[in-house]
Amino acid sequence: MVEAVLIDLFSLPANLQNNIQGLLFNTLETIEKCSSIPAPFVYVMCCQRQENGEQESLLPALRDLQSLKKRMQVVRALTTAAVLYTIKQRLDEKDLSIIKVILPTLRKDLVKVYIDHLFTAVYQFEFEDLQVASDCKNVQIAEPQSEEQMLPTQDVAVIRSEIQMYLESLPSLNGELTILKSSLIPDDIFLHGFTTRTGGISYIPTLSSCNLFSSSKRRDPQVVVKENLRRLANAAGFNPETFHRVKIDHANAVCIMGKTEPDSYDGIVTNQKGVTIAAPGADCIPVLFADPVRKACGAAHSGWKGTLLGVSMATVNAMISEYGCNVEDILVVLGPSVGPCCYKLPHESAKEFHRIDPKCVRLFDSACPYIDIRRATRILLENGGILPENIQDDSVTDQNQNVTFCTACHPDKFYSHFRDGINFGTQIGFISIRD
């Protein structure tokens, strides 16, 4: 069931421009006749300015048609990237994801590249040639081609550059980019921080605005996350080209930078200068590790499963075995994460935390007790030899600066899967050794 129709007139051939009103009217009538819903939303792509002014002559006809078709919108911009991104915003406002694209045949492979970069697997596209059609039988969906048509590499590079330039031009949303820092980690040796949700370009409410993770289940594409990361890198002072984040598996595997990278891992360590490593969190704890003596660092993603599997101590042990760190020298900071005030788990899972320490569980006899994954993490770290004074968890002791906020309690500052549902944003904790 098509929810929206996108008609590409961006580079309309001259032989079709003279009868654009009739062409579009017939196309829209056919769409409505063949659609299982009364009237899908229609977006018409136009170039805002061309040197020869050809597309400006289309506007009167489009305006007349728009008065007849109330669910039709004409979207004009200087570039295809700008037009498609604007249309994406309008689709997202209405939570639409099944889209028919009607376009000149010669534009098909080009537009597919833009769509691959600007949209995620949440959206479903079908393509149709732009042509005069008087009834359903004359609507010809593009036939599958025997071989995948590929644009030349240089054309794809030009499209990527156009998209990047457009995204870089967008204003930051919901305030300035803010980075939280721990007073425990020495600033002269390590560059580090925990991000908040402000200062990026992600516009969907639950992802707005500095979302730093893209997936096939969310509406924020990788190019937007990359632009958010670029802005973070500029503000923090690290190189986004030497940035590495964990590949989440909710387990306890650790990646050693410079060695073969596992398929998935929730901890990462390095002693290489200028390499920034990071762990995401949107309720799960982004944990940072720093050894100022051996000059090594680590990051871990510790959700409830990873906490029980000991991912934090696995990261510590990797620093000890790989870089000769002494456990007494390692500093650990627990970043923004869901607190025991908000986080619940089913009783069976809560039992595991109760075994670590009964104080990790509140209302233990209920069906879904409240869980303190931070306390469990601290206990496991201390049991492994980390000194209590070398662990920062602001829910226990405020060391001048708060970094361990409850993500669910602060919707203005942080993303929260627990609070926001499936289409949630993600913040990160990051660390590197200064050159």
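Higher on the page you've got the structure.
Residues numbered from 1 in each chain as written. Predicted model: local features only at pLDDT ≥ 70, side-chain atom pairs only at ≥ 80, totals over all residues. Heavy atoms only, no water.

Novice: Looking at this structure, I do not really get the state of the cysteines. What am I missing?
Specialist: By definition, a disulfide links the sulfur atoms of two cysteines through a covalent bond. Summed over the entire model, instances satisfying the criterion amount to 0 disulfides. Cys325 provides the cysteine sulfur closest to Cys297, a residue in no disulfide bond, and the two sulfurs are 9.5 Å apart. Take Cys297: its relative accessible area is 0%, and that puts it in the buried class. Of all cysteine sulfurs, the one in Cys409 lies closest to Cys406, which takes part in no disulfide; the gap is 3.6 Å. (Disulfide = S-S within 2.5 Å. Buried < 20%, exposed > 50% of the residue type's maximum accessible area, 1.4 Å probe, protein only.)

Novice: Please clarify how the sheet that holds strand E3 (residues 72–77) should be interpreted in this entry.
Specialist: Adjacent strands of a sheet form backbone hydrogen bonds with each other and so pair up, either parallel or antiparallel. Strand order in the open sheet formed by 5 strands is E3-E2-E1-E4-E5, with parallel pairing between adjacent strands. If you trace the sheet from one side to the other, it starts and ends with E3 and strand E5 (124–129), each paired once. Strand-to-strand twist across the sheet, computed as the mean angle between neighbouring axes with direction ignored, equals 20°. Two elements, strand E1 (residues 4–8) and strand E2 (residues 41–47), share 5 bridges in a ladder whose sense is parallel. Paired with Leu6 across the strands is Tyr43, a residue of E2. Each of E1, E2, E3 and strand E4 (98–103) touches helix H4 (residues 80–93); the most contacted strand, E3, lies at about 145° to it. The strands touched by helix H5 (residues 108–118) within the sheet are E1, E4 and E5, with E5 carrying the most contacts at an inclination of about 165°. (Pairing = 2+ DSSP bridges. Helix = DSSP H or I, 4+ residues; strand = E, 2+ residues; numbered from the N terminus. Axes fitted to C-alpha atoms, helices over the stretch in contact; angles between N-to-C directions. Contact = heavy atoms within 4.5 Å.)

Novice: Explain the sheet that holds strand E11 (residues 276–281) here, please?
Specialist: Sheet architecture is open: 5 strands sit in the order E6-E7-E18-E11-E8, paired in mixed fashion. The strands lining the two open edges of the sheet, one partner per strand, are strand E6 (179–180) and strand E8 (243–245). Pairing analysis gives 5 bridges linking strand E7 (residues 190–195) to strand E18 (residues 427–433), with the strands arranged antiparallel. Residue pairing for E18: Leu191 is matched across the bridge by Ser432.

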